[in-house]
Amino acid sequence: MAQVPAVPKLTRARHLLRTQVLGQTDPTPGMVASEKAAIALRAAHLAKRRAQQVTFLLPLVGPDQVGDWYAVIARLRTTLDGLIAQDNPNWAATICCQVRPDLPDDPRITYLPFIDPTPGNDKWRKLRLLTEALPDLADQPSYVMTFDADDLLRQGTVDEMLARQESGGYLVQSGLVKDVSTGDIALADVRSLAAPMRKPFWKLCGSCAALYHDPTEPTSTAFLAEMTQHEHRMFPYLATLAGQTLTPLMRPSVLYMLNHGENFGARRGRVGYKTRFVQTYRINDSETLAEIKRGFAL
């Protein structure tokens, strides 16, 4: 199963006009599965209850698809250590892979076996398995966030989500990209006069959106299962179409590790422009870098 192509921007605008301005919640014949699921969730009119935890879903590349499995597991462990270090303990994480990796002894961290033998890139199939398992993984209202197994979450992010209780969920608009090969770190955020070509983090990395999820509502699970079959650039649009507009987190909340040798994007030849992005928007201020290192335990 391959990644589902993005919906053209003009089509997105037309569908948002129908739902947000004209109030029409019936799917049109040309809508893809994710848009139909979004419309169904919007029509369900969820009675939002207080989210009790943040649920992280981590698809992990299989050992037969990488050159150094032990390095992959070491990076996963660093990612999980960042969750364990959160000052708010109300989170859970599930890792989906063909082989159970060596995981920390923490009841909040679980493993979901992946047994589909179909050859090729299996990230999207793992994401579907993870999202469809949500009725078993999250039995209370939560924010659900797909998270790459080599990214880092900033200290305090779980607490921010659960304290603010934004009804639709959160978007990582401001985040950091680290080129592991050089050690340089860049800020990804909205454009400004000083940085007219800068990109927001959610356009660069898949660990970028945490959506409100009601485990008692099947349309919520169905929507997340379809949304995550797309590239992350589609997430804000689909969330808005579903009536779950995402609110930016207040500070750079995720750090994307680039050029560490086993990046998913590298296997598709898509990291060159991100490497250039880091060099263009590299952070040089020593105090800022020290604060980043504290926040992400680097």
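Residues numbered from 1 in each chain as written. Predicted model: local features only at pLDDT ≥ 70, side-chain atom pairs only at ≥ 80, totals over all residues. Heavy atoms only, no water.

1. Here we look at the packing of aromatic side chains
Quick reminder of the rule: Each pair of aromatic rings taken from Phe, Tyr and Trp, with Trp reduced to its six-membered ring, is defined by centres within 6.5 Å and is described as stacked if the planes are under 30 degrees apart, edge-to-face if over 60, and tilted in the remaining cases. Segments assigned H or I by DSSP are reported as helices when at least four residues long, segments assigned E as strands when at least two residues long, and all are numbered from the N terminus. Relative accessibility decides the category of a residue: with a 1.4 Å probe and only protein chains considered, values under 20% of the type maximum give buried, values over 50% give exposed, and everything between is partly exposed. For a ring to carry a charge above it, either NZ of a lysine or CZ of an arginine must fall within 6 Å of the ring centroid while also lying within 35 degrees of the normal to the ring plane.
Following the criterion strictly, the structure yields four aromatic pairs and no others. Between Tyr143 and Tyr170, the ring centres sit 5.0 Å apart and the planes meet at 70 degrees, which makes this aromatic pair edge-to-face. Placement of Tyr143 in strand S4 (residues 142-146) and of Tyr170 in strand S6 (residues 169-171) is noted, with a sequence separation of 27 residues between them. Given a relative accessible area of 0%, Tyr143 falls into the buried group. Their ring planes at 50 degrees and their centres at 5.0 Å tell us that Phe277 and Tyr281 sit as a pair that is tilted. Here Phe277 and Tyr281 have matching classes, each one buried. Positioned over the ring face of Phe114 is Lys126, at 5.4 Å from the centre of the ring.

2. Topic: the environment of Asp184
Just so we agree on the cut-off: Residues are treated as being in contact if the distance between any of their heavy atoms lies within 4.5 Å. In the analysis that follows, any N or O atom pair within 3.5 Å is treated as a polar contact, provided that within protein one partner can donate a hydrogen and the other can accept it, and provided that, for residues neighboring in sequence, both atoms belong to side chains.
Mapped onto the elements of the fold, Asp184 is located in strand S8 (residues 184-188). For the pair Asp184 and Cys97, spaced 87 residues apart in sequence, the C-alpha to C-alpha distance is 30 Å. When residues no more than four places from it in sequence are discounted, the contact partners of Asp184 are Val177, Lys178, Asp179, Val278, Gln279 and Arg282. For Asp184, the side chain forms a polar contact with the side chain of Thr182, separated by 3.2 Å.

3. Let's talk about the sheet that holds strand S11 (residues 254-258)
Heads up, the rule is: Pairing between strands is defined by DSSP: at least two bridges between them are needed.
Here we have four strands laid out as an open sheet, ordered S5-S11-S7-S8, and mixed in their pairing. Because the sheet does not close on itself, it has two edges, and the strands there are strand S5 (152-153) and S8. Inspection of the sheet shows strand S7 (residues 175-179) paired to S8 by five bridges, in the antiparallel sense. Of the residues in S8, the one forming a bridge with Val177 is Ala186.

4. Examining a nonpolar patch on the surface
Put simply, the rule is: Each patch is assembled from residues with relative accessible area greater than 30% and no salt bridge, linking like charges that lie within 9 Å and nonpolar side chains (Val, Leu, Ile, Met, Phe, Trp, Tyr) that lie within 5 Å. With residues, only the protein chains shown are counted as cover, and all accessible areas are computed by Shrake-Rupley using a 1.4 Å probe. The salt bridge definition used is simple: a Lys or Arg side-chain nitrogen within 4 Å of an Asp or Glu carboxyl oxygen.
Residues Leu17, Val21 and Leu22 make up a contiguous nonpolar surface patch of roughly 300 Å² in combined accessible area. Within the secondary structure, Leu17 is located in helix H1 (residues 9-21). By relative accessible area, Leu17 is classed as partly exposed at 43%.

5. Observations regarding the environment of Leu153
Within the secondary structure, Leu153 sits in strand S5. Between the C-alpha atoms of Leu153 and Asp214, which are 61 residues apart in sequence, the distance is 23 Å.

6. Notes on helix H11 (residues 286-295)
For H11, the N-terminal cap is Asp285; the gap from its side-chain oxygen to the backbone nitrogen of Glu287 is 3.4 Å. Two residues or fewer past H11, Ala297 is found with a positive phi of approximately 55 degrees.

7. Structural notes on the side chain of Ser34
By the secondary structure assignment, Ser34 is in helix H2 (residues 33-44). The contact partners of Ser34, leaving out residues within four places of it in the chain, are Phe223, Glu226, Met227, His230 and Leu238.

8. Some points on the sheet that holds strand S1 (residues 53-59)
Within a sheet, adjacent strands bond to each other through the backbone by hydrogen bonds, running parallel or antiparallel. Our working rule: An axis is simply a line fitted to the C-alpha atoms; with a helix, the fit covers only the stretch in contact. Between two such axes, the angle follows the N-to-C directions and lies from 0 to 180 degrees.
In space, the seven strands of this open sheet follow the order S3-S2-S1-S4-S9-S6-S10, with mixed pairing throughout. Looking at strand neighbours, the two that pair on one side only are strand S3 (109-113) and strand S10 (247-248), the edges of this open sheet. Judged from the five bridges that link them, strand S2 (residues 91-97) and S3 form a sheet pairing that is parallel. By the bridge assignment, Ala93 is partnered in S3 with Ile109. Its contacts with the sheet place helix H4 (residues 123-132) against S1, S2, S3 and S4, and it is angled at close to 150 degrees to S1.

9. Overview of the nonpolar core
We apply this condition: Throughout, nonpolar core names a set of buried Ala, Val, Leu, Ile, Met, Phe, Trp, Tyr and Cys residues whose side chains join them through atoms within 4.5 Å.
Phe56, Leu58, Leu60, Leu80, Tyr143, Phe201 and Phe223 are the most contacted members of the largest nonpolar core, which has 79 residues in total. Counting residues per element, this core draws most heavily on helix H3 (residues 69-84), at six residues. Residues within four places of Leu80 in sequence aside, it is in contact with Leu58, Ala93, Ile95, Leu103, Pro104 and Ile109. The next biggest cluster of nonpolar side chains, apart from the first, holds eight residues, and it includes Leu152, Leu176, Ile185 and Ile292.

10. Structural notes on helix H10 (residues 272-280)
Going by this rule: In this description, one arc is meant: the one made by directions from the helix axis to the C-beta atoms.
For H10, the full list of buried residues reads Lys274, Phe277 and Val278. Seen end-on, H10 carries its buried residues on one side only, within an arc spanning 100 degrees. Seen from the buried face of H10, the exposed residues on the opposite side, beyond 90 degrees, are Arg276 and Thr280. Buried residues along H10 sit in contact with S7, S8 and S11.

11. Side note on the pairing of S1
Of all seven residues that make up S1, seven are buried, and the element is covered over most of its length. Neither face of S1 is exposed, since Gln53, Thr55, Leu57 and Pro59 on one face and Val54, Phe56 and Leu58 on the opposite face are all buried. Inspection of the sheet shows S1 paired to S2 by six bridges, in the parallel sense. Directly across from Pro59, in S2, lies its bridge partner Cys96.

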